[in-house]
Amino acid sequence: MNMKQWHVQTVEETFQAVQSSPGGLTDDQAGKRLQEHGPNELEQGESKTLLDIFLEQFADLMIWVLIGAAVISGIVGEWIDAGIILIVVILNAVLGTVQESKAERALEALKAMTTPTANVIRNGNVSQIPARQLVVGDIVLLEAGDSIPADLRLIEAAALKAEESALTGESVPVDKTPPALSDPKLGIGDRTNMLYMGTNVTYGRGTGVVIATGMDTQMGAIAAQLASTEKEITPLQRKLNQISNILSIGVIGIAIAIFIVGLVSGREPLDMFLTAISLAVAAIPEGLVAVITIVLASGMTRMAARGAIIRRLPAVETLGSTQVICSDKTGTLTQNKMTVQQVWAENEQILCEAMGHCNDSKLDQDGELIGDPTETALIDYLLTEQLWTADQIQRRVRAWEIPFDSKRKLSTVAIEHPDGDGVRVYVKGAPDVLLDRCISEVQDGTVIPLAESRKTEITAANETMGAKALRVLAFAYKDTNEQPDLTQPELVEHDLTFVGLVGMIDPPRPEVKDAIATCRQAGIMPVMVTGDHLVTAKAIANELGIMVDQNRAITGAELEQMSDAELEGQVKEIAVYARVAPEHKSRIVRAWQRKGAVVAMTGDGVNDAPALKAADIGVGMGITGTDVSKQVADMVLTDDNFATIVSAVKGGRRIFDNIHKTVRFLLSSNVGEVLAILTATIIGWRMLAPVHILWINLVTDTFPALALGVEPAEPDVMHRPPRNSQAPLLSGKDWLRIAFVGAVEALAALFAYRLGGESTAGTTMAFLTLSLSQLFAAIGFQSERHSIINIDPKNHPMLWLAFIASALLQLVVILVPFLRNLFDLAVLTGTQWLMVLGLCLIVLCFIEIQKWITK
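The structure displayed is predicted, hence computed values, not measured ones.

Visitor: Run through the overall build of the chain, naming residues and quoting values.
Guide: Secondary structure assignment for the chain yields 31 helices and 25 strands. Counting the 855 residues in the chain, one finds 52% classified as buried. Contacts spanning at least 24 positions in sequence make up 72% of the contacts within the chain whose residues lie at least 6 apart. Entry remark: accessible area of the chain is about 38300 Å², with carbon and sulfur atoms responsible for 56%.

Pasting the structure below:
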């Protein structure tokens, strides 16, 4: 069948062509087709193998310069130097491969967590499967908010509309209907009985049969434009690339200067060439971005494990700067489960009968309640309070019923009278409406006339419950022998006996109140944006601590009356927006952004998509959210919980802190190496050989940097205001601190060489001091604000493991005779070891003093 002509086929012809039926495929049929045609996904390009990643490590110009230096060393007979340089190059490539493959796996795991699904009919039953498992002939069920998972021929539709801008560029939703079309040349935008992969259902519901999957779809035809394999680069990574490039130019300049100074001082050209090249390779922070990518990816993995799936890498950075969190109420701040809070009745037995019978909720085979949230709350109350049993619920039988409608605001059910005479009619509905239909009430087991004073009392009870933000239902009954005309409810729902009132609420999630308090401590303003009534919204907001000080609440109607300028002027005062429409959310976001705030906004519906896009952090709901809202979101909550957003903000701050520590550590280490070699060369000392520099760079940079990247959050991470998103990664003070620490490390190495007598022992002491001082500096960098005296080592296992592993590698080079000779080092005395340790501790002390001065 020509893909372009499915729209001219009838539904029956389509079923015949794809060898399917309204009952769908069997699992066996689907399995064979999946095996034959492959998964329903666009080609993303071949994934990298470990060998590919390993070979990419040699794409760096400086690596080839180093290899060239090794070759030159070999030519002139310096085989030991040549061998060590090549070993260092290979080890560096292996470490780079491990780092990059780990980052790739983490990102792939995160991608798998957001795999789209589809509701299909298989084996005659509805089931949910990963969209990639769809095959031609599958029957797909769709509703508003769903993404179209494959190309479909529509077979059923109820007020169905689809937005196809991804294919047609036209953002106005198109009406979709099943009848076949006559013109085979119709364009995609005019094929009203077709649905295409990558487009979205915006209204109604429908059913379609899959006619193309993967690269055979219309979207597959333009996959070359869509399936980009370029990696996403975050603003932070761009800044780091810029820093690396600037530093690289500076280091190369210094390396050239060292080479020239060495020649002028009478040093051997080859020796100075190798020293300059080794210093350039060691000091250029080419691995900075790779380490940061791993920090971001591992942080995202940790967030995902805690319920926040980050869909876009830049969102991790933005989270740490979040200043406002605008949240829906239902399901995010509350439990999305109506619960009976208060019962007001003279005769609770009859009220329980009314609650149980005038109710469409059912128990499924697992004992779970199914039905409208309000009605399931009533049954849940009966079961929890042991007023009814599950068996009573299952045995309910109705004589007749009149369903609820919004005009009457009532619903009515009749059951056989307990005495076997006629029926008992139970009615529930809005208290003000139902009370007007009542003429009597039950007191002390006796039906008596309903006095006006009692009506006033009942009305007052209703208003008291309403003031507590409870949703109130009233119940009444009557006994009758008449067979009513069910098309005329007013002939039935009159002369009723009032039974009682039941007040319900969707209670706040217990953990949210603490999360709101954490927001306040962290300088983040929580804002409620809900479609619920103002009284309910304010009550929940007050209970959770969203409404404080001078905060106020407004309705969507009041918001409509405000100009953008007025809203911007008042937005900081408004903590609650009630009875708002989805389009209001975008205005709220933009008003905050014009104030310079970084805004997170939650959303779960199709109409929330514009607001989620406009927000700095769009937060989709994993449980209740539509496919459309999840696709445009930067972050998806697997538990729809506000507390998870706050946890993610904490995670974002932790990640940024760790990146900041890592960058400062790496740059200060590089500065220390450059200053030490430059100063030694100017003085005329041959303090360190090229292999020493390369070994220090390999051992002391990699492991501690990765360990700093996975440090736990600092205790006060949520007790300080949000970071300014426009501020540079490294401030002027940061650069001064980097230079200061680097200078101290360089001075320690130079002093160690001098103490060692400017000999092989001096070289050994300088080698150890420069390498180990960087490890001690990493310990100091584990907190940028707190002294290591107040830090429990048990909370930092990775950093201490990196410290010990790197230190042992250094010691092995000194203590193993073969390696010691290879590196041309000496055996140190006990006094010399103590001198090295003392100098390293001095470096750590200077870092601690720096923290104290800054604080």
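Visitor: I'd like a description of the packing of helix α25 (residues 642–683) against helix α26 (residues 690–709), backed by residues and values.
Guide: Look at α25 against α26: their axes get within 9 Å of each other, and the N-to-C directions meet at 165°. On the basis of their axis angle, the class for α25 and α26 is roughly antiparallel. As for how α25 packs across α26, the hand of that crossing is right-handed. Between α25 and α26, the residues in contact are Asn658, Lys661, Thr662, Phe665, Leu666, Ser669, Asn670, Glu673 and Ile677 and Ile693, Ile696, Asn697, Thr700, Asp701, Pro704, Ala705, Leu708 and Gly709, respectively. Partitioned by chemical class, the residues of the contact of α25 with α26 number eight nonpolar, seven polar and three charged.

Visitor: Describe the side chain of threonine 412, naming the residues involved and giving the relevant values.
Guide: Within the element layout of this structure, threonine 412 appears in strand β14 (residues 410–416). Polar contacts involving the side chain of threonine 412 include one to the side chain of glutamate 493, which spans 2.5 Å. Contact partners of threonine 412, with chain neighbours within four places excluded, come to Cys358, Trp400, Glu401, Ile402, Val425, Tyr426, Val427, Val492 and Glu493.

Visitor: Explain the sheet that holds strand β23 (residues 599–603) to me, using residue names and the numbers behind them.
Guide: Taken in spatial order, the eight strands make up an open sheet running β8-β25-β24-β23-β9-β20-β22-β21, and their pairing is mixed. Across the chains shown, the open sheet's two edge strands, defined by having one partner strand only, are β8 (308–310) and β21 (552–555). Ignoring strand direction, the axes of neighbouring strands in this sheet form an average angle of 20°. Summarising the sheet, strand β9 (residues 324–327) and strand β20 (residues 525–529) pair through four bridges and their orientation is parallel. Each residue of the ladder has a partner; that of serine 327, found in β20, is methionine 528. Strands β9, β20, β22 (574–578) and β23 of the sheet are contacted by helix α22 (residues 582–594), whose axis makes an angle of about 170° with β23.

Visitor: Quick rundown of the packing of helix α27 (residues 732–755) against helix α31 (residues 830–854)? Include the residues and the values.
Guide: The contact between α27 and α31 brings their axes to 10 Å, and the two run at 160°. One element, α27, and the other, α31, form an angle in the roughly antiparallel class. Our pair here, α27 against α31, has a crossing hand that is right-handed. Of α31, the residues touching α27 (which contributes Arg737, Phe740, Val741, Val744, Glu745, Ala748, Phe751, Ala752 and Leu755) are Met835, Leu839, Val843, Phe846, Ile847, Gln850 and Thr854. Along the lines of polarity and charge, the residues of the contact of α27 with α31 split into twelve nonpolar, two polar and two charged.

Visitor: Account for the pairing of β14, with residues named and values stated.
Guide: Counting buried positions over the seven residues of β14 gives six, a clear majority of the element. Judged from the four bridges that link them, strand β13 (residues 400–405) and β14 form a sheet pairing that is antiparallel. Counterpart to glutamate 401 in the pairing with β14 is valine 413. Taken together, β13 and the strand that follows it, β14, pair antiparallel across an intervening segment of four residues, in which lysine 409 is found at a positive phi of about 60°. Looking at chain direction, β14 and strand β15 (residues 423–429) are connected through seven bridges and run antiparallel. Bridging across to β15, valine 413 finds its partner in tyrosine 426. Taken together, β14 and the strand that follows it, β15, pair antiparallel across an intervening segment of six residues, in which glycine 420 is found at a positive phi of about 80°.

Visitor: Please give an account of the nonpolar core that cites residues and values.
Guide: Counting 159 residues, the largest nonpolar core has Tyr577 and Phe642 as its most contacted members. Counting residues per element, this core draws most heavily on α25, which supplies 17 residues. When neighbours within four sequence positions are excluded, phenylalanine 642 is seen to be in contact with Ile325, Ser327, Thr332, Leu333, Val512, Ala515, Ile516, Cys519 and Pro526. Within the second largest apolar cluster, 26 residues are counted, among which are Ile350, Cys358, Val442 and Leu473.

Visitor: Any details on the pairing of strand β18 (residues 471–480)? Residues and values, ideally.
Guide: Of all ten residues in β18, eight are buried; the element is thus mostly enclosed. With seven bridges connecting them, β15 and β18 associate as antiparallel partners. Within β18, the residue paired with lysine 428 across the bridge is phenylalanine 475. The sheet contact formed by β18 and strand β19 (residues 496–505) spans seven bridges and is antiparallel. Opposite leucine 473, over in β19, you have valine 502 as the bridge partner.

Visitor: Before we move on, could you go through the environment of threonine 192 and cite the residues and values that matter?
Guide: Relative to the assigned elements, threonine 192 resides in the loop between β5 (174–175) and β6 (194–195). Given a relative accessible area of 22%, threonine 192 falls into the partly exposed group. Distance from threonine 192 to leucine 154, taken between C-alpha atoms, is 8.7 Å for residues 38 residues apart in sequence. Other than its neighbours up to four places away in sequence, threonine 192 contacts Leu154, Val174, Asp175, Lys176, Thr177 and Leu181.

Visitor: Explain the packing of aromatic side chains to me, and be specific about the residues and the numbers.
Guide: Taken as a whole and judged by the stated rule, the model has seven aromatic pairs. On the numbers, 5.6 Å between centres and 65° between planes, the contact of tryptophan 695 with phenylalanine 823 is edge-to-face. Residue tryptophan 695 is located in helix α26, and its partner phenylalanine 823 is located in the loop between α30 (817–822) and α31; the two are separated by 128 residues in the primary sequence. Residues tryptophan 695 and phenylalanine 823 agree in their burial class; the two are buried. Grouped by ring-pair contacts, the aromatic residues Trp695, Phe767 and Phe823 constitute a single cluster.

Visitor: With reference to specific residues and values, describe unusual backbone geometry.
Guide: The phi angle at asparagine 336 is positive, at roughly 55°, despite the residue not being glycine. In this fold, asparagine 336 is placed in the loop between β9 and β10 (339–345). Residue classification places asparagine 336 among the partly exposed positions, given a relative accessible area of 44%. The backbone phi angle of aspartate 549 is positive, close to 50°, even though this residue is not glycine.

Visitor: With reference to specific residues and values, describe a nonpolar patch on the surface.
Guide: A cluster of nonpolar residues, Phe740, Ile842, Phe846, Ile849, Trp852 and Ile853, forms a patch on the protein surface that exposes about 650 Å² of accessible area. Considering the arrangement of structural elements, one finds isoleucine 849 in helix α31.

Visitor: Outline the pattern of salt bridges, listing residues and values.
Guide: Tallied over the full model, the rule gives 28 salt bridges. Between arginine 132 and glutamate 41 there is a salt bridge, and its shortest N-O distance comes to 3.1 Å. Highlighted residues: arginine 132 in the loop between β2 (125–130) and β3 (139–143) and glutamate 41 in the loop between α2 (27–37) and α3 (50–56), separated in sequence by 91 residues. Classification of arginine 132 by relative accessible area gives partly exposed; the value is 38%. The exposure class of glutamate 41 is partly exposed, given its relative accessible area of 38%. Because the salt bridges share partners, they merge into one network encompassing Glu346, Glu441, Arg454 and Glu457.

Quick notes on the rules
- Residues numbered from 1 in each chain as written.
- Predicted model: local features only at pLDDT ≥ 70, side-chain atom pairs only at ≥ 80, totals over all residues.
- Heavy atoms only, no water.
- Helix = DSSP H or I, 4+ residues; strand = E, 2+ residues; numbered from the N terminus.
- Buried < 20%, exposed > 50% of the residue type's maximum accessible area, 1.4 Å probe, protein only.
- Contact = heavy atoms within 4.5 Å.
- Areas by Shrake-Rupley, 256 points an atom, 1.4 Å probe, with all protein chains shown as cover.
- Axes fitted to C-alpha atoms, helices over the stretch in contact; angles between N-to-C directions.
- Parallel < 35°, antiparallel > 145°, perpendicular 65-115°, else oblique.
- Left-handed = near helix turned anticlockwise from the far one by under 90°.
- Nonpolar A, V, L, I, M, F, W, Y, C, P; charged D, E, K, R; others polar.
- Polar contact = N/O pair within 3.5 Å; in protein donor to acceptor, adjacent residues only side chain to side chain.
- Pairing = 2+ DSSP bridges.
- Core = buried A, V, L, I, M, F, W, Y, C linked by side-chain atoms within 4.5 Å.
- Phe/Tyr/Trp six-rings, centres within 6.5 Å; stacked < 30°, edge-to-face > 60°.
- Patch = residues over 30% accessible without salt bridge, like charges linked within 9 Å, V, L, I, M, F, W, Y side chains within 5 Å.
- Salt bridge = Lys/Arg side-chain N within 4 Å of Asp/Glu carboxyl O.

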